[in-house]
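A look at the structure
Chain by chain, the residues:
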Amino acid sequence: MSEQAVLEQPQVERVSAHRSHGGTQGVYRHSSVATGTDMTFSVFVPDFTPGAKLPVVYYLSGLTCTHANVTEKGGFRRACAELGLILVAPDTSPRGEGVPDDPAAAYDFGLGAGFYVDATEAPYAANYRMWTYVTEELPALIAANFPVDMMRQSIMGHSMGGHGALTIGLSFPQRFKAISAFSPIVAPSLVPWGQKAFSGYFGTDASAWRRHDAVALIEDGARVPGLLVDQGAADEFLETQLRPDLLAAACDSAGIDLELNLRAGYDHSYYFISTFMAAHLRWHAERLNRPSAGQA
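Reading guide: rules and limits
Residues numbered from 1 in each chain as written. Predicted model: local features only at pLDDT ≥ 70, side-chain atom pairs only at ≥ 80, totals over all residues. Heavy atoms only, no water. Helix = DSSP H or I, 4+ residues; strand = E, 2+ residues; numbered from the N terminus. Rg over C-alpha atoms; globule rule 2.2 N^0.38 Å. Buried < 20%, exposed > 50% of the residue type's maximum accessible area, 1.4 Å probe, protein only. Contact = heavy atoms within 4.5 Å. Areas by Shrake-Rupley, 256 points an atom, 1.4 Å probe, with all protein chains shown as cover. Lys, Arg positive; Asp, Glu negative; His and termini not counted. Charge placed at Lys NZ, Arg CZ, Asp CG, Glu CD. Pairing = 2+ DSSP bridges. Axes fitted to C-alpha atoms, helices over the stretch in contact; angles between N-to-C directions.

The subject of this paragraph is the overall build of the protein. The secondary structure content of the protein amounts to ten helices and nine strands. In terms of overall dimensions, the protein is globule-like: its C-alpha atoms have a radius of gyration of 18 Å, near the 19 Å expected for 296 residues. In the protein, buried positions account for 59% of the 296 residues. Within the protein, contacts between residues separated by at least 24 positions form 71% of all contacts whose residues are at least 6 apart in sequence. Accessible surface computed for the protein: about 11300 Å², of which carbon and sulfur atoms make up 52%. Separation between the mean location of the 21 positive side-chain charges and that of the 31 negative ones in the protein comes to 6 Å.

Right under this line is the structure:
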């Protein structure tokens with residue numbers, strides 16, 4: 001059975017659908033209550049037996065990206081088809097007329113840089129509610145329209161999206177059975193990208209900053225059995241923005257099993273991500289398919 005057989009209207013509008021690797025790659029649009037805007041997301045559904053429910057992996061993208069970056073360049077469909085995984089890729093921020101942007105139109109704040117938080121500061125609080133969108137609205141929409149087993153969800157992401165995957169996964173350890181990241185911003189409170197974003201979205205509320213900082217969450221007691229992180233050793237942002245050493249230290253202190261792979265010669269791009277995407281998806285599938293549905 002193909003994805004077209006299960007999609008229900010009018011909750012979502014199908015923008016496009018293409019056969020690929022024994023499945024259907026779709027792009028969809030809907031009116032979001034969380035952000036007050038139209039939101040676009042992509043879903044790959046491998047062919048499935050009628051009545052089957054498949055595990056789902058959410059992929060969160062990085063700065064400047066939309067759903068399209070991983071959809072077009074991530075190289076995930078063959079592995080998802082072989083493993084029987086649905087992959088969902090949302091946008092990185094609200095968009096549309098009236099949505100506030102960075103006053104200087106910089107790439108690292110505002111449009112394309114929602115940081116997967118619910119902003120509390122004007123003028124961003126009305127639309128920049130990506131935490132609620134990713135943790136509540138989008139999963140409910142996926143559950144209502146696609147053949148997913150909501151007891152088998154996992155999350156992954158890249159850069160800003162790696163930050164989102166880590167913080168969301170650490171905040172909902174019973175929901176997400178596996179958490180992985182490529183080149184994540186692990187301690188946004190301590191690096192320029194995160195400090196700019198959090199100042200704009202939260203102001204000086206330090207407690208809000210810590211709730212959206214993976215290293216701080218672990219320091220404050222968040223626990224999961226294991227994490228997988230791949231990082232390019234030639235990444236230009238490694239020392240200034242990403243700091244995987246801080247995550248390694250936090251996990252070591254907390255007894256969290258962190259598999260941190262420093263990949264020689266690889267940069268921050270989708271050439272890197274697509275190289276190791278299948279390995280991450282196999283890691284997710286192994287955990288999603290465990291009889292206990294436990295995470296490790």
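Looking now at the environment of Ala81. Relative to the helices and strands, Ala81 resides in helix H2 (residues 77-83). For the pair Ala81 and Phe48, spaced 33 residues apart in the sequence, the C-alpha separation amounts to 9.5 Å. Discounting residues that sit within four places of it in the chain, Ala81 has contacts with His21, Phe44 and Pro46.

Moving on: the sheet that holds strand S3 (residues 38-46). An order of S1-S2-S3-S5-S4-S6-S7-S8-S9 is seen for the nine strands of this open sheet, with the pairing classed as mixed. The sheet is open, and its two edges are formed by strand S1 (13-20) and strand S9 (257-263), each paired on a single side. Strand-to-strand twist across the sheet, computed as the mean angle between neighbouring axes with direction ignored, equals 20°. Two strands pair when backbone bridges link them, and strand S7 (residues 176-182) and strand S8 (residues 226-232) are joined in this way by three bridges, in the parallel orientation. Along S8, the bridge assignment pairs Phe182 with Asp230. Sitting on the sheet, helix H10 (residues 270-288) is in contact with strand S4 (54-60), strand S5 (86-90), strand S6 (148-158), S7, S8 and S9, with an inclination near 165° to S7.

Bear in mind that shape data such as this cannot, by itself, settle questions of function.
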